[in-house]
Amino acid sequence: MEKEITLADIAKILDKYDIVELEDVKIKGDIELELAEGGVALPPSIAQALQSIISAGAGVGTGVQKAQIPTTPAEELNLELIRTEFKVAKTEWKGQIEEVTIGATSADGGTREGTVTIGGEKALPFYNFDYQMPHPPVISVDCFDMPIKLAKAVRGHYEDVMEDVGEWAKKNVREFGADMVTIHLISTDPTIKDTSAREAAKTVEEVLQAVKVPIVIGGSGNPDKDPEVLEAAAEAAEGERCLIASANLNMDYERIAKAALEHGHVILSWTQLDINAQKTLNRYLFKMGVPREDIVIDPTTATLGYGLDYAFTNIERMRISALKGATDLAFPISCGVTNAWGAREAWMKNSPIAEDSYWGPAVNRGPLYEIITGLTLGVAGGDMFMMMHPKAAAAVKRITQMLFGAAGAEDEGKKVKMEDWVTWSGKAV
Amino acid sequence: MEKKVVMQIIKRIGKCVRKILFYSPFDKEQIAGLDENVKETNKNLFQNVNWCNEGGHEEMKISSPMEIWKYLPGTNCGKCGEKTCLAFASLLIEREKNLKECPPLFEPKYAEKGKKLAELLAPEVREVEIGIGDKARKIGGEDVMYRHERTFFNRTALVYDVWDTMKEEELRARVREITDWQKFYVGEFLKVDAIAVRSVSGEAKTFADCVKLAAEETDFPLVLCSFNAKVIEEGLKEVSDRKPLIYAADKDTWKEFLGFAKKYKVPVALFSPDLDMLNSLAVTFSSAGVEGIVLDPGTYPAGKGLKETFSRFVRIRRAGIIEGNKGLAYPLMSVPMSAWMDNDGDKAENALESSYWEAIIADLFIIKYADIMILHSIEPHSLIPERTLAANIYTDPRRPVSVEPGLREVGNPTEKSPLFVTTNFALTYYTVESDISSNKIDSYLMVVDSEGIGVESAVAGGQLNAENFKDALESFRVEDKVKHKTLVIPGLAARLSGETEDVTGWTVLVGPRDSGRIPGWMEKNWPPEGVA
Ligand code: SF4
């Protein structure tokens, strides 16, 4: 009963009876394959399958039986590994993030010993397999112009310098390895101390004297007072190419942007988790004549557990649309990671919720909240992190340097065999 | 084996090979007489095998309910529980309903459409289930590279380890601790997902005993970890009915593991940092009919190795989702626990450091594509952020940011109960609400429209101001319920207190900066003079 049928015939029959597999069917005779036009390569899996059929040789069909669990499957299968090459294309984007330099050395009319450059990406953060990230993210450590309330885990590190802003800034650089220092002029807030703009300018001078790294100048966040304060600060820091934080839509941003322009600073364009508002504000700044290389954006940092998902996606979306060509979003991104300390898990002694499992010591939780908030936003597109806990700053620095692939990094970790975790015998914890 | 392969070829080969000359040992009559059982047993066996490497994405992924509706019976019979087929279609897209819930679709006349629909609805990354019953966890099943493109579906499963050199009591206690851990977050208790049992001893019997103990102590899914096939099989015998994930087949042991996966019908993890090898293993397993595949491309804990690990995760997922390489479109496993080896975590003084580094690696791979991960630290400072991050990244970004403004009652408030104010940012609202209710404070909670922004930002951005407080008090007719005309505003909105008093005429009390401190605040401040 030798006859010739086509595959399509068989497939039709099988479909008709809803058969997707036949067990214990043996095949006898020759098999000829004709490849489709266009030279479709036979997938290795099929080639192998056919080979195994052919080598199985002659046999007589015995009908069909119910599928059974094989007893010694490995041998019975007698499979060879189907060699397959892994391939994946690079992703190329047409956009590029603006490269922005903060700080000016004497060559450029400033007094900084070094500058910091961020941005320039042509791919997502740390996607070096697409395009090598040009600059690693940087860390700016916060200081304030007056003693402030801090979570216990942070306070210990700053208690000795809180009364002296110069010492505070120095400590950030000397002990905590800050790439930059941010001075927050919070005492100028009318509801706090209402310090004058002139005093604020003096504070800025003091910080510039104390440290030689580039600095970020932050207002108090009071939209009515900040323009005046930041204007005075920009003037006092003439030529130092500071990052002025920040211009917002709900204040007289023009005054701040103008001051930054006049005195040679970079401006931080801050919006609240709103991609359209960010575009709008950036366009206003372009209109005022702020050059592209003078803009850094801050799309708002929400903390782990308190909106980090929004902040993450907001930044990721901005970065992707910038890479796709949206030039009004193609700027380095700054993240206020210190916000993490607002999460109650970062500082509260015990859970306020009775049914929660034990929270453990707050001092262990806090830094990790700051680390996770920073790193997560770094993976989304953050180029610069304003941070506070020394351990958190160091950890975010270390991991971002590794992912960046810092040249000559000795920090290769130990030579471990990845699979050895299975038999790792440590019992700590 | 070869027969099965042949039938697979027949089903798939049309796209690759035009015609095959075939000497058939059976005829149509014989096929017609097939046992019904065979059909049952063999259903779905191949639906996911990719033979022809068809370049994926040939077919447009479904994006609108109308496209799905075309494949449904269109009778609006209501058997699925929905009034119309179109309503059912939109739930299918969101994976809130399953095709099986439309019985007519499985009638012969719709079978063709049903099959097509199943293909169209299949996620880009295969979904694999580990464990059984309530606690079973689906992993994988993802469709997008970025959560804003739609959403990530199956949150990274967090698996914490025990090992077979632990003493019995120690082991039981650790398993219980992992199983019982919980933390309240946005209206629900977060829990972790599974337990990994590691073979440290290398002894099959020791491992089997340990697996048995762990299984007695918990109904969580289990991951059995050893590169020694004999050890795995002994452990597997104890719990094969629990559908554990077995870890891991590598280039040397894959045949044995493939056998276990088929014999015991359990999902299996494949390990290889060499992606050609990993791809080869995956294709080999799927060709052999194994569906429950998880890929571990290796997690190097530091330096260049970690950088390369990151690259492997991204590129594998890209191959699966963007390039439609079905051979690698499986759930990915990461092992942040490797941090402990790098930091000499076995010394007590390094434990904190190791747990931090472990959380950092976990952070990276929760974001970038691990569907399951193995972790070691079960200290609260690790569990809380790790589990919270997984919740955040896997939250549906299309979920509304805000809740309805209005006056809520917490417990059984009277006209003398305190009136708290918060914003309509969902996270803030749920946090405050749970803080008050879990501490059993009968009160009113006035939810003010801050355009879905949290307190601190809304005060800074002007979305929360004295005027909104006034509008809220009036439009919710708060005076009808609260007689004391005293308003407790969030500590973070303290700067609005004076103006609010002026504008509303109500007495303003400034509450704590964190609503978790409301109970303590109440002791000192409530009731104020004149209210009692
Ligand atoms: S069960 Fe199927 S056919 Fe009936 S209404 Fe639902 S989707 Fe339509």
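A quick note: this is a predicted structure, and the numbers were derived from the prediction, not measured.

### Observations concerning the overall build of chain B
Counting secondary structure elements, chain B contains 20 helices and 18 strands. In chain B, which comprises 532 residues, the proportion classed as buried is 60%. In chain B, 65% of the contacts between residues at least 6 apart in sequence involve partners at least 24 apart. As presented, chain B carries roughly 20,600 Å² of accessible surface, and 47% of it is formed by carbon and sulfur atoms.

### What about the overall build of chain A?
On a plain count of helices and strands, chain A comes out with 13 helices and 11 strands. Burial statistics for chain A: of 429 residues in total, 58% are counted as buried. Put simply, of all contacts in chain A between residues at least 6 apart along the chain, 70% involve residues at least 24 apart. Looking at chain A as shown, the accessible area adds up to about 18,000 Å², and 49% of this sits on carbon and sulfur atoms.

### Let's talk about the sheet that holds strand 10 (residues 268-271) of chain B
Residue and element names in this part refer to chain B. Reading across from one edge, 11-10-9-8-7-4-13-12 is the order of the 8 strands in this open sheet, with parallel pairing throughout. Of all strands in the sheet, those with a lone pairing partner are strand 11 (293-296) and strand 12 (333-334), marking the two edges. Direction of pairing for strand 7 (residues 194-198) relative to strand 8 (residues 222-225): parallel, over a ladder of 4 bridges. Within strand 8, the position partnered with V197 by the bridge is L224.

### A short note on the sheet that holds strand 5 (residues 180-184) of chain A
Residues and elements named next belong to chain A. Read across the open sheet, the 8 strands follow the order 9-8-7-6-5-4-11-10; overall the sheet is parallel. Edge strands, defined here as strands with exactly one partner in the open sheet, are strand 9 (295-298) and strand 10 (334-336). The sheet shows a mean angle of 30° between the axes of neighbouring strands, direction not considered. Inspection of the sheet shows strand 4 (residues 138-144) paired to strand 5 by 5 bridges, in the parallel sense. Within strand 5, the residue paired with F144 across the bridge is H184.

### A short note on the packing of aromatic side chains
In the structure shown here, the tally under the stated rule is 21 aromatic pairs over all chains. Between Y158 of chain A and F176 of chain A, the ring centres sit 5.6 Å apart and the planes meet at 80°, which makes this aromatic pair edge-to-face. Remark: F176 of chain A occurs in the loop between helix 5 (165-174) and strand 5 and Y158 of chain A occurs in helix 4 (residues 152-158); sequence separation between them is 18 residues. For the pair shown, Y158 of chain A and F176 of chain A are each scored as buried. These aromatic residues form a ring-pair network of at least three members: F126, Y127 and F129 of chain A together with F310 of chain B. When the ring centre of F153 of chain B is taken as reference, the NZ or CZ atom of R95 of chain B above it lies at 3.6 Å.

### Some words on the nonpolar core
Of all hydrophobic cores here, the largest spans 197 residues; its most connected members are Y158 and I217 of chain A together with L270, F285 and L295 of chain B. In terms of residues, this core owes the most to one element, helix 14 (residues 351-367) of chain B, which gives 10 residues. By size, the runner-up hydrophobic cluster in this structure holds 30 residues, among which are V422 of chain A together with V159, V223 and A248 of chain B.

### What to know about helix 12 (residues 362-380) of chain A
Residues and elements named next belong to chain A. For helix 12, spanning 19 residues, the distance from its first C-alpha to its last is 27 Å, which sits close to the expected 27 Å at 1.5 Å a residue. Most of helix 12 sits inside the fold, with 18 of its 19 residues counted as buried. One or two steps after helix 12, the chain reaches G381, where phi turns positive at roughly 150°.

### Quick word on the pairing of strand 6 (residues 215-218) of chain A
Residue and element names in this part refer to chain A. Of the two faces of strand 6, both are covered, the one formed by I215 and I217 as well as the one formed by V216 and G218. Bridge analysis of strand 5 against strand 6 gives 4 bridges, and the strand direction is parallel. Each bridged residue has a counterpart across the sheet, and for I183 the counterpart in strand 6 is I217. Once you follow strand 5 into helix 6 (residues 197-210) and on to strand 6, the crossover reads as right-handed. Bridge count between strand 6 and strand 7 (residues 243-248): 3 bridges; the pairing is parallel. From the neighbouring strand, I217 faces strand 7, where its bridge partner is I244. Following the backbone out of strand 6, through helix 7 (residues 226-236) and into the adjacent parallel strand 7, one traces a crossover that is right-handed.

### Some details on the confidence of the model for chain A
Residue and element names in this part refer to chain A. In this model, chain A carries a mean pLDDT of 86, and residues with pLDDT of at least 70 account for 79%. Contacts from residues 26-45, a stretch scored under 50 in pLDDT, to residues over four places away or in other chains number 46 contacts. Every residue in residues 49-75 is under pLDDT 50, and counting partners more than four places away or in other chains gives 45 contacts.

### Comments concerning the pattern of salt bridges
Residues and elements named next belong to chain B. If you walk through the whole model with that rule in mind, you get 44 salt bridges over all chains. As a salt-bridge pair, K326 and E124 come within 3.4 Å of each other at their nearest N and O atoms. Taken together, the residues span a long stretch of sequence, with K326 in the loop between helix 12 (303-321) and strand 12 and E124 in the loop between helix 6 (111-121) and strand 2 (127-130) at a distance of 202 residues. Classification of K326 as partly exposed rests on a relative accessible area of 25%. Across the pair K263 and E233 runs a salt bridge whose closest N-O atoms are separated by 3.7 Å. In this pair, K263 is assigned in helix 10 (residues 254-264) and E233 in helix 9 (residues 229-239), connecting sequence segments 30 residues apart. Overall, the relative accessible area of 27% leaves K263 in the partly exposed class. Overlapping salt bridges, with partners in common, bring together E168, R172, R176, E216 and E217 in one network.

### A look at the environment of I297 of chain A
Looking at the element boundaries, I297 of chain A is found in strand 9. Apart from residues lying up to four places away in sequence, I297 of chain A is in contact with L268, S269, Q278, N282, M318, L329, F331, P332, I333 and S334 of chain A.

### With respect to the packing of helix 13 (residues 390-404) of chain A against helix 12 of chain B
Where helix 13 of chain A meets helix 12 of chain B, the axes come as close as 8 Å, and the angle between the chain directions of the two elements is 70°. By the angle between their axes, helix 13 of chain A is roughly perpendicular relative to helix 12 of chain B. Note on packing geometry: the crossing formed by helix 13 of chain A with helix 12 of chain B is right-handed. Contact residues: I399, M402, L403 and F404 of chain A in helix 13 of chain A; G303, L306, K307 and F310 of chain B in helix 12 of chain B. When grouped by side-chain class, the residues that make up the contact of helix 13 of chain A with helix 12 of chain B number 6 nonpolar, 1 polar and 1 charged.

### Some words on a negative patch on the surface
All names here are of chain B. Among the surface-exposed residues, E467, D471, E499, E501 and D502 lie close enough to one another that they form a single negatively charged patch. Here the negative patch gets 3 residues from one element, more than from any other, and that element is helix 19 (residues 497-504). Following the sequence through the fold, D471 ends up in helix 18 (residues 466-475).

### Let's talk about the confidence of the model for chain B
Residue and element names in this part refer to chain B. Averaged over every residue, the pLDDT of chain B is 87; residues scoring 70 or more account for 88%. Here residues 1-60 is modelled with pLDDT under 50, and outside its nearest four sequence neighbours on either side it reaches 139 contacts, counting other chains as well. Here the prediction assigns the complex a pTM of 0.82, and the interface score ipTM is 0.83.

### Points about the packing of helix 6 of chain A against helix 7 of chain A
Helix packing for two helices is described by the angle between their axes and how far apart those axes are. All names here are of chain A. Remark: helix 6 packs on helix 7, axes separated minimally by 8 Å, with the N-to-C direction vectors making an angle of 40°. As judged from the angle between their axes, helix 6 and helix 7 are oblique. Both helix 6 and helix 7 take part in a crossing whose hand is right-handed. Within the contact between the two elements, helix 6 uses A197, A200, A201, V204 and E205 and helix 7 uses E228, V229, A232, A233 and A236. Of the residues assigned to the contact of helix 6 with helix 7, the class counts are 8 nonpolar, no polar and 2 charged.

### Digging into a nonpolar patch on the surface
A contiguous nonpolar surface patch, about 270 Å² in accessible area, is contributed by M66, W69 and L86 of chain B. With respect to the helices and strands, the residue M66 of chain B is situated in helix 4 (residues 65-69).

The rules behind these values
Residues numbered from 1 in each chain as written. Chains lettered and ligands numbered in written order. Predicted model: local features only at pLDDT ≥ 70, side-chain atom pairs only at ≥ 80, totals over all residues. Heavy atoms only, no water. Helix = DSSP H or I, 4+ residues; strand = E, 2+ residues; numbered from the N terminus. Buried < 20%, exposed > 50% of the residue type's maximum accessible area, 1.4 Å probe, protein only. Contact = heavy atoms within 4.5 Å. Areas by Shrake-Rupley, 256 points an atom, 1.4 Å probe, with all protein chains shown as cover. Pairing = 2+ DSSP bridges. Axes fitted to C-alpha atoms, helices over the stretch in contact; angles between N-to-C directions. Phe/Tyr/Trp six-rings, centres within 6.5 Å; stacked < 30°, edge-to-face > 60°. Lys NZ or Arg CZ within 6 Å of the ring centre and 35° of its normal. Core = buried A, V, L, I, M, F, W, Y, C linked by side-chain atoms within 4.5 Å. Expected span 1.5 Å × (residues − 1). Right-handed = clockwise from strand over helix to strand, strands pointing away. pLDDT = per-residue confidence, 0-100. Salt bridge = Lys/Arg side-chain N within 4 Å of Asp/Glu carboxyl O. Parallel < 35°, antiparallel > 145°, perpendicular 65-115°, else oblique. Left-handed = near helix turned anticlockwise from the far one by under 90°. Nonpolar A, V, L, I, M, F, W, Y, C, P; charged D, E, K, R; others polar. Patch = residues over 30% accessible without salt bridge, like charges linked within 9 Å, V, L, I, M, F, W, Y side chains within 5 Å. Lys, Arg positive; Asp, Glu negative; His and termini not counted. Charge placed at Lys NZ, Arg CZ, Asp CG, Glu CD.

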